[in-house]
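Okay, here's what each chain looks like letter by letter:
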Amino acid sequence: MSNYTITVSETSNPAIVKFEANHFLTKHTSYEYNNIDEAQNSPLAQQLFYLPFVKKIYISGNFVAAERFNIVNWPDVQEEVAQQIEKYLNDGGIIVNENTSDSKKKIPVTVYAESTPNPAAMKFVANKKIVLNNMEFKSIDDAKYAPMATALFSFPFVKELFFDENYISVIKYDVADWDEVTIPLREFIKQYLEDGKTIIDENAPELQPEKQVEQKQQFENLSDTSKQIVEILDEYVKPAVASDGGNIEFQEYDEASKTVKVVLQGACSGCPSSTFTLKNGIENMLKQMMGDKVQTVEAING
């Protein structure tokens with residue numbers, strides 16, 4: 001059974017907030033309810049409609065979005081609502097009775113292929129969230145808890161896979177050309193998502209609460225300089241490499257040599273241009289922002 005935690009996320013509409021869970025609440029279906037009568041198939045939504053300020057509920061992916069009436073402001077009540085949702089989920093409360101749903105709306109899945117700076121990698125982008133945490137699979141042995149990755153490895157030309165929020169980077173062997181395999185891969189991914197099949201097993205070690213606590217503890221144990229480097233990478237570098245189908249993770253900082261070591265994943269791993277990116281992009285940025293604390297950036301597997 002999943003252990004849920006809920007975080008509050010603002011939206012561009014001040015009347016609506018999102019309550020995001022650390023696990024998916026629905027698969028390939030979204031639900032919208034305008035009142036308690038419409039929410040007969042969702043005990044969770046019905047519970048929320050008992051709050052007098054709740055106007056509309058929307059459930060999709062890993063979040064519940066709620067729109068309020070003007071009798072309250074979200075900052076005054078959102079933490080209590082988040083706690084209520086978290087308790088409901090952890091007590092085993094039913095989110096949606098999908099078999100009796102009359103109001104469910106199937107989300108049309110679109111997937112498009114996008115080239116990357118790495119000629120061996122192609123990025124397949126979906127119009128829905130695929131995973132909550134990025135995951136890398138170097139071989140089918142790594143995909144024990146990832147049914148979708150296991151299925152993709154059945155294509156003989158697939159060498160490595162990298163999953164991020166709404167895309168999958170596929171790294172291929174040289175035996176196939178992208179012109180020949182892009183369309184079959186795109187169609188396979190689209191159909192898999194439309195069928196609502198399991199992408200990552202909820203029992204995957206990476207998704208367990210203790211793993212998330214461990215990662216937070218590792219960050220807290222870093223030196224102040226290392227924390228600064230991590231924050232710079234997260235804010236300025238990760239969005240750029242994600243757009244190229246990859247990811248960058250901080251590995252370590254050596255104060256004596258002023259060297260930062262990072263791990264490149266996805267399309268960035270083994271990319272011919274990764275050295276240029278490191279030296280002319282990331283290294284220069286860290287030098288400018290960290291002063292004389294950083295001299296060199298090295299990629300462990302780039």
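Please refer to the structure placed before this passage.
All of these numbers come straight from a predicted model, not from anything done at the bench.

What counts as what
Residues numbered from 1 in each chain as written. Predicted model: local features only at pLDDT ≥ 70, side-chain atom pairs only at ≥ 80, totals over all residues. Heavy atoms only, no water. Helix = DSSP H or I, 4+ residues; strand = E, 2+ residues; numbered from the N terminus. Buried < 20%, exposed > 50% of the residue type's maximum accessible area, 1.4 Å probe, protein only. Contact = heavy atoms within 4.5 Å. Lys, Arg positive; Asp, Glu negative; His and termini not counted. Charge placed at Lys NZ, Arg CZ, Asp CG, Glu CD. Phe/Tyr/Trp six-rings, centres within 6.5 Å; stacked < 30°, edge-to-face > 60°. Lys NZ or Arg CZ within 6 Å of the ring centre and 35° of its normal. Core = buried A, V, L, I, M, F, W, Y, C linked by side-chain atoms within 4.5 Å.

Some thoughts on the overall build of the protein
Stage number 1. Secondary structure assignment for the protein yields seven helices and 14 strands.
Stage number 2. Once the C-alpha set of the protein is aligned to its principal axes, its extents read approximately 60 × 50 × 30 Å.
Stage number 3. Burial statistics for the protein: of 302 residues in total, 45% are counted as buried.
Stage number 4. Of all intrachain contacts in the protein linking residues separated by at least 6 positions in sequence, the fraction that spans at least 24 positions is 60%.
Stage number 5. Charge centroids of the protein, computed over 28 positive and 45 negative side chains, lie 2 Å from each other.

A word on the side chain of S226
Stage number 1. Inspection of the secondary structure assignment puts S226 in helix α6 (residues 224–243).
Stage number 2. Residue S226 is classed as buried on the basis of its relative accessible area, which comes to 4%.

Some points on the packing of aromatic side chains
Stage number 1. For the structure on display, the rule yields nine aromatic pairs.
Stage number 2. Summarising the aromatic geometry, the rings of F137 and F163 are spaced 5.5 Å apart at their centres and angled 85° between planes, so their arrangement reads as edge-to-face. Residue F137 is located in strand β9 (residues 135–137), and its partner F163 is located in strand β10 (residues 158–164); the two are separated by 26 residues in the primary sequence.
Stage number 3. Judged by relative accessible area, which is 4%, F137 ranks as buried.
Stage number 4. Of the aromatic side chains, those joined through ring pairs into one cluster are F155, F157, F188 and Y192.
Stage number 5. Over the aromatic face of F63 sits the side chain of K18, whose NZ or CZ is 4.3 Å from the ring centroid.
Stage number 6. Here K227 stacks its cationic end above the ring of F219, 5.8 Å away from the centre of that ring.

Notes on the environment of E10
Stage number 1. Mapping E10 onto the fold places it in strand β1 (residues 6–10).
Stage number 2. Through-space distance from the C-alpha of E10 to that of A65 is 9.8 Å; in sequence the pair is 55 residues apart.

A few points about the nonpolar core
Stage number 1. Counting residues in hydrophobic clusters, the biggest one holds 33 residues, and the most contacted among them are F137, M148, L152, L161, F163, I168 and I199.
Stage number 2. Mapped onto this core, the elements with two or more residues apiece are β8 (121–126), β9, α3 (147–152), β10, β11 (167–172) and α4 (178–194).
Stage number 3. The element best represented in this core is α4, accounting for six residues.
Stage number 4. Contacts of L161, omitting those with residues within four sequence positions, involve M135, E136, F137, A149, L152, F153, I168, S169 and V170.

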